[in-house]
Amino acid sequence: MNLFLLFLSALLVNNFVLVRFLGTCPFMGVSKDVDSAFGMGVATTFVLVVSAAVTWLIEHFILGPLSIPFMQTTAFILVIAALVQLVEMFLHKTSPGLYKAMGIFLPLITTNCCILGLAIMSVQNAYNFIEAVVFGLGAGLGFTLALVLMAGIREELRFADIPEPMLGAPIAFICAGLLSLAFSGFAGLI
Amino acid sequence: MAKSWKTLVNGLWNGNPTFRLLIGLCPVLAVTTRAVNGIGMGLATTFVIVCSSVLISLLRKVIPDKVRIPAYIIVIATFVTIVDLVMNAYLPDLHQVLGLFIPLIVVNCIVLGRAEAFASKNGVFASMLDGIGMGLGFTWALTVIGAIRELLGSGTVFGLKVVADGATTIGVMSLPPGAFITLGILMGIMNMISARQKKRAN
């Protein structure tokens, strides 16, 4: 039950993009059409789950026993960068179809702050291994949901009559604000 | 001299990372509930940009091209760790508020972006000026957004009460939606000013 609450809270109540502001750059950059938004979301979810598991292991088997917590940021970001590269190479060799769909998004994911943010948060909240992975999955799906919703809105915005200075990013931010307002309605859920 | 000046002021308006390039947005939205947080976050990021730009510019002929991104990330992560520890020691309150977003300066696209686009191609002095310009451009953007949200959300600016007692404040401005809406409107205003400047120049 606790795991389900954790999942739901990462997915909706504390949505990574709209409430916690992690991963806002891809949220604005890759939300121009629904297909690429979905691709980016799936690729990010995949990396989030894998990196949640790997950084948990690093924290508990390397940084903890050696008592070097000050190396956390450096160690995590290196591991994440290497991991993303590894996933890219692995997909390239094993499933060209999936690589084609996710490939272009993978290099961007290293600098997506939700990956490092999630790793640091799950250390701060002292999650166990399963909780960390579930947290990663919920966060990833929440990111995908926000991205796809935003892309849907932006596809419609193209046909809207918008004052010239507000065209493009400014109106997208205002829509994101309204979306975020809608998401704050989930706060009563837990 | 004129060129150095241009490098310095580029980040303040024309190449402003927040309003123009739309990079490094996560801290812009997340920590700007108060003007003071904006200044703190901005200056912390400025320190990281300037130091890492200088170091990367010094090492630009030593770092092999193929592994440059991991090398840059290590340099940046080192300075971020320094900021994190120093703030924790001397400014514990601010450190508490900014929390997660201090270590996340590592993945702030502005820092890596300047390393890749400027410091890896230019001399030390120019890279330092570019870093200062970008950092201050980021800082003023954060401070302005923070001040607006603080004023509308809780009726204070820099912690000083400015609205009359009993005046209604818009609580939602302190909450996440307010961040998106404030940034959107400010960007629209920036676009309007630039369009007007262009028209006058023609």
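The present account deals with the structure reproduced in this document. Since the model is a prediction, treat every value here as computed from it, not as a measurement.

Conventions used here
Residues numbered from 1 in each chain as written. Chains lettered and ligands numbered in written order. Predicted model: local features only at pLDDT ≥ 70, side-chain atom pairs only at ≥ 80, totals over all residues. Heavy atoms only, no water. Helix = DSSP H or I, 4+ residues; strand = E, 2+ residues; numbered from the N terminus. Rg over C-alpha atoms; globule rule 2.2 N^0.38 Å. Buried < 20%, exposed > 50% of the residue type's maximum accessible area, 1.4 Å probe, protein only. Contact = heavy atoms within 4.5 Å. Lys, Arg positive; Asp, Glu negative; His and termini not counted. Charge placed at Lys NZ, Arg CZ, Asp CG, Glu CD. Axes fitted to C-alpha atoms, helices over the stretch in contact; angles between N-to-C directions. Parallel < 35°, antiparallel > 145°, perpendicular 65-115°, else oblique. Left-handed = near helix turned anticlockwise from the far one by under 90°. Nonpolar A, V, L, I, M, F, W, Y, C, P; charged D, E, K, R; others polar. Buried area = accessible area lost by both parts, 1.4 Å probe. Salt bridge = Lys/Arg side-chain N within 4 Å of Asp/Glu carboxyl O. Polar contact = N/O pair within 3.5 Å; in protein donor to acceptor, adjacent residues only side chain to side chain. Core = buried A, V, L, I, M, F, W, Y, C linked by side-chain atoms within 4.5 Å. 1 Å grid on protein atoms, 1.4 Å probe; cavity = no way out; pocket = protein on both sides within 12 Å on 5 of 7 lines; lining within 4 Å. Points joined across faces, edges and corners; volume = space filled by probe spheres on them. Phe/Tyr/Trp six-rings, centres within 6.5 Å; stacked < 30°, edge-to-face > 60°.

Glancing now at the overall build of chain B. When its secondary structure is counted, chain B shows eight helices and two strands. For chain B, the sequential pattern of α-helices and β-strands runs α-α-α-α-α-α-α-β-β-α. For 202 residues, the compact-globule estimate of 2.2 N^0.38 gives 17 Å, and the C-alpha radius of gyration of chain B, at 18 Å, lies within 12% of that figure. For the C-alpha atoms alone, the extent of chain B along its principal axes is close to 60 × 55 × 25 Å. When burial is assessed residue by residue, chain B has 50% of its 202 residues classed as buried. Sequence-distant contacts in chain B: of pairs separated by 6 or more residues, those separated by 24 or more amount to 75%. Side-chain charges of chain B comprise 16 positive and 7 negative groups, with the mean position of each set lying 15 Å from the other.

The next point concerns the packing of helix α7 (residues 124-154) of chain B against helix α8 (residues 176-201) of chain B. All names here are of chain B. Relative orientation of the contacting elements α7 and α8 amounts to 120 degrees, with a least axis distance of 10 Å. Taken together, the axes of α7 and α8 are oblique relative to one another. The way α7 lies across α8 gives a crossing that is right-handed. Residue-level inspection shows Trp140, Val144, Ile145, Ile148 and Arg149 of α7 in contact with α8, the latter providing Pro176, Gly178, Ala179, Thr182, Leu183, Leu186 and Met190. Here the contact of α7 with α8 is built from residues that sort into nine nonpolar, two polar and one charged.

With that out of the way, let us pick up the interface of chain B and chain A. With 32 residues of chain B at the contact, the number on the chain A side is 33 residues. With both sides pooled, the region where chain B packs onto chain A buries about 2800 Å², and carbon together with sulfur makes up 86% of that total. Looking at the side of chain B facing chain A, the largest losses of area belong to Leu100(B), Val107(B) and Phe180(B), adding up to 23% of the total buried there. Our enumeration of links across chain B and chain A arrives at zero salt bridges. On the surface where chain B and chain A come into contact, there are one residue pair in polar contact (both at pLDDT 80 or more). Elements with a minimum of two residues in the side of chain B that touches chain A: α2 (25-30), α4 (68-90), α6 (109-119) and α8 of chain B. Across the side of chain B that touches chain A, the residue classes break down as 27 nonpolar, five polar and no charged.

So, on to the nonpolar core. Formed by 112 residues in total, the largest nonpolar core has its most connected members in Leu22(A), Phe27(A), Leu116(A), Phe173(A) and Leu183(B). Per element, the largest residue contribution to this core is ten residues, and it comes from helix α8 (residues 129-157) of chain A. Residues contacting Leu22(A), with those up to four places away along its chain left out, are Phe16(A), Val17(A), Cys113(A), Cys114(A), Met121(A), Cys26(B), Leu100(B), Phe101(B) and Leu104(B).

Gaps left between atoms are located by rolling a probe of water-molecule size over the structure's atoms. Per the counting criterion, the structure on display carries two cavities of 30 Å³ or more. By volume, the largest cavity is sized at about 110 Å³. As for the largest cavity, its lining consists of 18 residues, of which Cys113(A), Cys26(B), Pro27(B), Val107(B) and Asn108(B) are closest to the centre. For the lining of the largest cavity, the elements supplying multiple residues, two or more each, are α2 (24-29) of chain A together with α2 of chain B.

What follows deals with the packing of aromatic side chains. A full pass over the atoms with the stated rule returns ten aromatic pairs over all chains. Aromatic pair Trp13(B) and Trp140(B): ring centres 6.4 Å apart, planes at 10 degrees, arrangement stacked. One end of the pair, Trp13(B), is in the loop between α1 (2-10) and α2; the other, Trp140(B), is in helix α7, with 127 residues separating them in the sequence. According to the relative accessible area criterion, Trp13(B) is partly exposed, its value standing at 26%. You can call Trp140(B) partly exposed: its relative accessible area is 28%. Chaining the aromatic ring pairs together yields one cluster made of Phe21(A), Phe27(A), Phe173(A) and Phe180(B).

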